[in-house]
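Examining the three-dimensional arrangement
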Amino acid sequence: MFSSEMYELGAHSSVIREIFEYAKKRAEVVGKENIFDFSIGNPSVPAPEIVNETIKKLLDTVPAAELHGYTSAVGDNSVRQTIAEYLNKTYGTSFRKENFYMTAGAAASLTITLNALSEPGDELIVLAPYFPEYRVFAEKAGMKVEVVPSDEKTLLPDFEALQKAINKNTKAIIVNSPNNPSGVVLDEDCVKTLCALLEKKQSEFNKNIFLISDEPYRELVYGDVEVPYLTKYYNNTIVCYSFSKSLSLPGERIGYILVPDEVASSGEIFKAVCGAGRALGYVCAPALLQYVVKECVGKTSDISVYETNRNLLVETATKLGFSCAKPDGAFYLFMKSPEKDAAAFCEKAKKYELLFVPSDSFGFPGYVRIAYCVSTDMVKKAIPAFEKLAKEYF
Ligand code: PLP
């Protein structure tokens, strides 16, 4: 009567969503100001002013039929051209507008890319901890997911394990830097090691292995941390980008897929991307948002708020005896659970109205994710609750 596979996905919402819903219910009982909801990655900082200004300007100056009309399936040409020029100026690349396919955010970028690449028998490698939706997207695209846990100490890739996992069926590997849920950034040394390993495996198996770079957090880094531009290190790199976090627009749905000329059979893969977008019913990326990002590419929300929150939380957590990976980017702190069962730890945290996400759904048990894309005021108010929680363990 209906698809049991789709039923399962719909009937069991993600753990993150469950906690988010719990927070709303609990707020009705104890008051919103008394709940410390660190569960979801919804940016708390408003979109930069230029976003609102551009929307108003577009509404006032562009005829409605044009502004809200379909664009080409690949996206508006002038938008793609502007993004190509911005990246070329920023990273010294040489992309053309023809390399870009506009999408409804990173989720769409990923699902389209995986469907475009997938052939029967293909496997996709994901590095744990990982964004749980990768499994949903990959399996729907017909790929088998191979999880390779990261190094426990650094949460960087475990190259020994990775080299064992890559096999003749490996079609692609997804990397996400800065990472959700760990906040860890792959530095240049790490990127070089990864790319050398992929080159070696391509030769060994005489096939192309694609590196899919999932980049919703590219601009969200703190201090002098740099995020290497992966297409410069490995030819078979496909970028899945989103403006959801950099411009604080997650509900508006806008991003792109970049298939550089250096990718093997790039023209054909680009056509397969177009085909997958069509088959999945995307039609075109939201038109108004395409025109907005044309004016705002390279801008970000005020990410200094996240940096302040990160510093406060890392300082508080470590002072109290908790340990966490060094979060150089994104807006997540990955804290080791002081008891083996992270879900039990989260239940104890709930007693003090602290809401964390246990790491099991990220494929890396024993940790909790603390999403600090919240107000600094909330972080400050949550500190006494952290202190009470710590007393239960240390
Ligand atoms: N990839 C990662 C690692 C994410 O954390 C998210 C959203 O939180 C996405 C992809 C999906 O982003 P979007 O809202 O652009 O679809």
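Just above sits the structure.
Residues numbered from 1 in each chain as written. Predicted model: local features only at pLDDT ≥ 70, side-chain atom pairs only at ≥ 80, totals over all residues. Heavy atoms only, no water.

Let's talk about the overall build of the protein chain
Which entries qualify depends on this criterion: Secondary structure follows DSSP: runs of H or I at least 4 residues long count as helices, runs of E at least 2 residues long count as strands, and numbering of each begins at the N terminus. Atoms counted for the radius of gyration: C-alpha only. Globule rule: 2.2 Å times residue count to the power 0.38. When accessible area is computed with a 1.4 Å probe and restricted to protein chains, residues below 20% of their type maximum are described as buried, those above 50% as exposed, and intermediate ones as partly exposed. Any two residues having at least one pair of non-hydrogen atoms within 4.5 Å are treated as being in contact. All accessible-area figures derive from a Shrake-Rupley calculation using a 1.4 Å probe, and residue coverage is judged against the displayed protein chains alone. When charges are tallied, Lys and Arg are placed among the positive residues and Asp and Glu among the negative ones, while His and the ends of the chain are skipped. Here the site of a charge means NZ on Lys, CZ on Arg, CG on Asp, or CD on Glu.
From N to C terminus, the protein chain includes 14 helices and twelve strands. Compactness check: the protein chain gives a C-alpha radius of gyration of 21 Å against a globular reference of 21 Å for 394 residues, within 12% of the reference. Counting only C-alpha atoms and orienting by the principal axes, one finds that the protein chain spans roughly 60 × 60 × 55 Å. Residues classed as buried in the protein chain amount to 54% of the 394 residues present. Partitioning the intrachain contacts of the protein chain with sequence separation of at least 6 by distance along the chain shows that 75% fall at a separation of at least 24. Within the structure as shown, the protein chain displays about 17,400 Å² of accessible surface, and the carbon and sulfur contribution to it stands at 52%. Between the mean site of the 43 positive side-chain charges and the mean site of the 51 negative ones, the protein chain shows a separation of 1 Å.

Quick look at the packing of helix α12 (residues 304-320) against helix α14 (residues 376-391)
Helix-helix packing is characterised by the crossing angle of the two axes and by the distance between the axes. Note the following rule: Axis lines are fitted through C-alpha atoms, for helices just across the contact stretch, and the angle between N-to-C directions can take any value from 0 to 180 degrees. When describing relative orientation, an angle under 35 degrees is termed roughly parallel and one over 145 degrees roughly antiparallel, while 65 to 115 degrees is termed roughly perpendicular and anything else oblique. Crossing handedness is defined as follows: a turn of the near helix away from the far one that is anticlockwise and smaller than a right angle gives a left-handed crossing, while the clockwise case is right-handed. Residues are sorted three ways: Asp, Glu, Lys and Arg are charged, Ala, Val, Leu, Ile, Met, Phe, Trp, Tyr, Cys and Pro are nonpolar, and all the rest, Gly among them, are polar.
It is at 10 Å that the axes of α12 and α14 come closest, and there the two elements cross at 10°. Classified by the interaxial angle, the pair formed by α12 and α14 is roughly parallel. Crossing of α12 against α14: the hand is right-handed. Every residue of α14 that contacts α12 at Val305, Thr308, Asn309, Leu312, Leu313, Thr316 and Leu320 is listed here: Thr376, Val379, Lys380, Ile383, Phe386, Glu387 and Ala390. Classifying every residue of the contact of α12 with α14 by side-chain character gives eight nonpolar, four polar and two charged.

Comments concerning the packing of aromatic side chains
Let me state the cut-off plainly: Working definition: rings of Phe, Tyr and Trp (its six-membered ring) pair if their centres are within 6.5 Å, and the pair is stacked with planes under 30 degrees apart, edge-to-face with planes over 60 apart, and tilted otherwise. Whether a charge sits over a ring comes down to the Lys NZ or Arg CZ being within 6 Å of the ring centre and within 35 degrees of the ring normal.
Overall, the coordinates contain 26 aromatic pairs when judged by the stated rule. Seen from their ring centres, Phe38 and Phe386 are 6.1 Å apart, and the 70° between their planes marks the pair as edge-to-face. One end of the pair, Phe38, is in the loop between β1 (36-37) and α3 (49-61); the other, Phe386, is in helix α14, and 348 residues separate them in sequence. Of the two residues, Phe38 and Phe386, both sit in the buried class. Summarising the aromatic geometry, the rings of Tyr393 and Phe394 are spaced 6.4 Å apart at their centres and angled 50° between planes, so their arrangement reads as tilted. These aromatic residues form a ring-pair network of at least three members: Phe38, Phe322, Phe345, Phe356, Phe386, Tyr393 and Phe394. When the ring centre of Tyr22 is taken as reference, the NZ or CZ atom of Lys350 above it lies at 4.3 Å.

Notes on empty space enclosed by the protein
Threshold: Buried and open spaces are told apart on a 1 Å grid over the protein atoms alone, a cavity being a set of points where a 1.4 Å probe fits but cannot get out and a pocket being an open set with protein on both sides within 12 Å along at least five of seven lines. Residues with an atom within 4 Å of a point are the lining residues. Grid points are joined across faces, edges and corners, and a volume is the space filled by probe spheres set on the points.
Applying the stated criterion across every chain yields a total of four cavities of 30 Å³ or more. Here the largest cavity is characterised by a volume of approximately 160 Å³. If you trace the largest cavity, you find 17 residues lining it, with Leu127, Pro129, Ser150, Asn176 and Asn179 closest to the centre. Every element with two or more residues in the lining of the largest cavity is listed here: β3 (123-128) and β5 (170-175).

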